[in-house]
Amino acid sequence: MATSIDDELIAALQEDGRASFSALAEQLGVPRSVVSARVRELIESGAVRIVAAAAPAFLGESCLAHVSITGRGELSGVVEELSGRDDIPLVSAISGSQDLVVEVRAADHEALFEVLAQVRSFPEVARIRTAIYTEVLRGSFVSDYDGGGRVDEIDSELVELLRHDGRISYRDLARQVRLSPTAVRSRVRRMLDDRILRISAVVTHSAHARRVKVGVGLHLGGEDESVARRLMGYPETEFAAMSIGPFDLIATLASSVPGDVFARLDDLKGLPGVTGMETWFHLKTLKEDYSRAI
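Overview of the structure. (Residues numbered from 1 in each chain as written. Predicted model: local features only at pLDDT ≥ 70, side-chain atom pairs only at ≥ 80, totals over all residues. Heavy atoms only, no water.)

The next point concerns a nonpolar patch on the surface. The grouping of Phe262, Phe281 and Leu283 at the surface amounts to a nonpolar patch, some 250 Å² of accessible area in total. The residue Leu283 is located in strand β10 (residues 274–288) in this model. (Patch = residues over 30% accessible without salt bridge, like charges linked within 9 Å, V, L, I, M, F, W, Y side chains within 5 Å. Areas by Shrake-Rupley, 256 points an atom, 1.4 Å probe, with all protein chains shown as cover. Salt bridge = Lys/Arg side-chain N within 4 Å of Asp/Glu carboxyl O. Helix = DSSP H or I, 4+ residues; strand = E, 2+ residues; numbered from the N terminus.)

Put into structure tokens, the structure is as follows:
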């Protein structure tokens with residue numbers, strides 16, 4: 001597969017948004033100067049943002065759902081309303097029989113149903129289709145937080161600064177919270193190790209983007225684990241989750257090489273554990289903001 005260096009960098013930064021240029025260069029097997037130039041270009045052009053976000057479970061958001069929306073007429077008002085909600089971190093315009101995909105994060109099923117009722121109440125919304133995630137296999141801002149660890153006021157200040165610039169230097173963080181760089185590094189590392197915090201890359205996607213981004217909904221016939229392993233082995237897989245609802249597994253594949261994504265879709269379709277597949281193109285990301293104050 002003809003993966004570009006930018007794709008490899010983005011994948012690495014989605015795993016660790018604060019990885020050093022030297023570490024990235026070693027991981028990709030390219031000169032440090034090339035890595036530093038490409039990372040700066042990606043960030044300065046607005047193609048990529050490096051930001052911090054707290055784990056949903058730490059924020060008390062234990063119910064995550066994928067909601068596709070079919071509209072009637074103009075949806076700009078719906079998009080504006082949904083984009084303004086903290087419990088909806090993702091709003092994307094898609095191709096196909098649905099018009100929008102949103103992600104909802106709620107405290108429990110009751111709270112989720114309230115959000116869904118509000119979405120359905122828009123006159124411009126004809127119908128919605130909801131899949132509840134049972135297990136997130138891969139997600140830039142979802143971690144296996146187990147309830148341990150605590151944060152104090154200074155930690156909250158650090159998270160607020162990292163929400164806007166995940167690669168801000170420890171020296172600059174230290175100056176703003178009035179601590180030593182060593183103390184700041186220790187606090188950030190503790191939150192990362194406790195899986196309270198994730199620092200990752202968010203990729204801007206629009207009609208003019210050089211990356212193809214495709215959503216996939218799979219129906220499985222009993223080979224869940226083998227299909228999931230195959231999917232997780234694709235470098236193009238940005239997100240994957242087991243779910244209850246219209247699909248058994250939902251994923252997002254992205255690459256600057258469209259042929260790579262299409263080849264993966266063909267591979268998935270041919271797996272014995274896959275009994276059906278639906279795909280949709282993400283035409284434009286209207287909102288993608290997982291960061292919240294803690």
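Our focus in this paragraph is helix α7 (residues 170–177). Of all the positions in α7, only Tyr170, Leu173, Ala174 and Val177 are classed as buried. Angular distribution of buried residues about the axis of α7 spans 100°; they occupy a single face of the element. Opposite the buried face of α7, at more than 90 degrees from it, the exposed residues are Arg171 and Arg175. Looking at the buried residues of α7, the elements they touch are α6 (153–164) and α8 (181–193). Directly beyond the C-terminal end of α7, a positive phi value near 65° is found at Arg178. (Buried < 20%, exposed > 50% of the residue type's maximum accessible area, 1.4 Å probe, protein only. Arc of directions from axis to C-beta. Contact = heavy atoms within 4.5 Å.)

Between helix α1 (residues 5–15) and helix α3 (residues 32–44), the shortest axis-to-axis distance is 11 Å and the interhelical angle comes to 80°. One element, α1, and the other, α3, form an angle in the roughly perpendicular class. Contact with α1, carried on its side by Ile5, Asp6, Leu9, Ile10 and Leu13, involves Val34, Val35, Arg38, Val39 and Leu42 of α3 and no other residues of that element. The class makeup of the residues in the contact of α1 with α3 is eight nonpolar, no polar and two charged. (Axes fitted to C-alpha atoms, helices over the stretch in contact; angles between N-to-C directions. Parallel < 35°, antiparallel > 145°, perpendicular 65-115°, else oblique. Nonpolar A, V, L, I, M, F, W, Y, C, P; charged D, E, K, R; others polar.)

So, on to the nonpolar core. Ranked by size, the top nonpolar core spans 31 residues in total, and within it Leu24, Leu162, Val184 and Leu197 carry the most contacts. Residue assignment for this core shows that the elements contributing at least two residues are α1, α2 (21–28), α3, β1 (48–54), α6, α7, α8 and β6 (197–203). Leave out the neighbours within four places in its chain, and Leu162 touches Arg18, Val51, Ala52, Ile168, Leu173, Val188, Leu197 and Ile199. If you look at the next biggest cluster of nonpolar residues, it comprises 23 residues, including Val67, Val91, Val102 and Ile128. (Core = buried A, V, L, I, M, F, W, Y, C linked by side-chain atoms within 4.5 Å.)

On to the packing of aromatic side chains, then. Geometrically, a pair of aromatic rings is defined through the distance of the ring centres and the angle of the planes. Per the counting criterion, the structure on display carries five aromatic pairs. Taking the centre distance of 5.4 Å and the plane angle of 85° together, the rings of Phe58 and Tyr145 count as edge-to-face. Here Tyr145 lies in the loop between β5 (125–138) and α6 and Phe58 lies in the loop between β1 and β2 (63–71), a separation of 87 residues in the sequence. Between Phe262 and Phe281 the ring centres are 6.3 Å apart and the planes differ by 80°, which places this aromatic pair in the edge-to-face class. Residue Phe262 is found in helix α10 (residues 258–269), and its partner Phe281 is found in strand β10; the two are separated by 19 residues along the sequence. (Phe/Tyr/Trp six-rings, centres within 6.5 Å; stacked < 30°, edge-to-face > 60°.)

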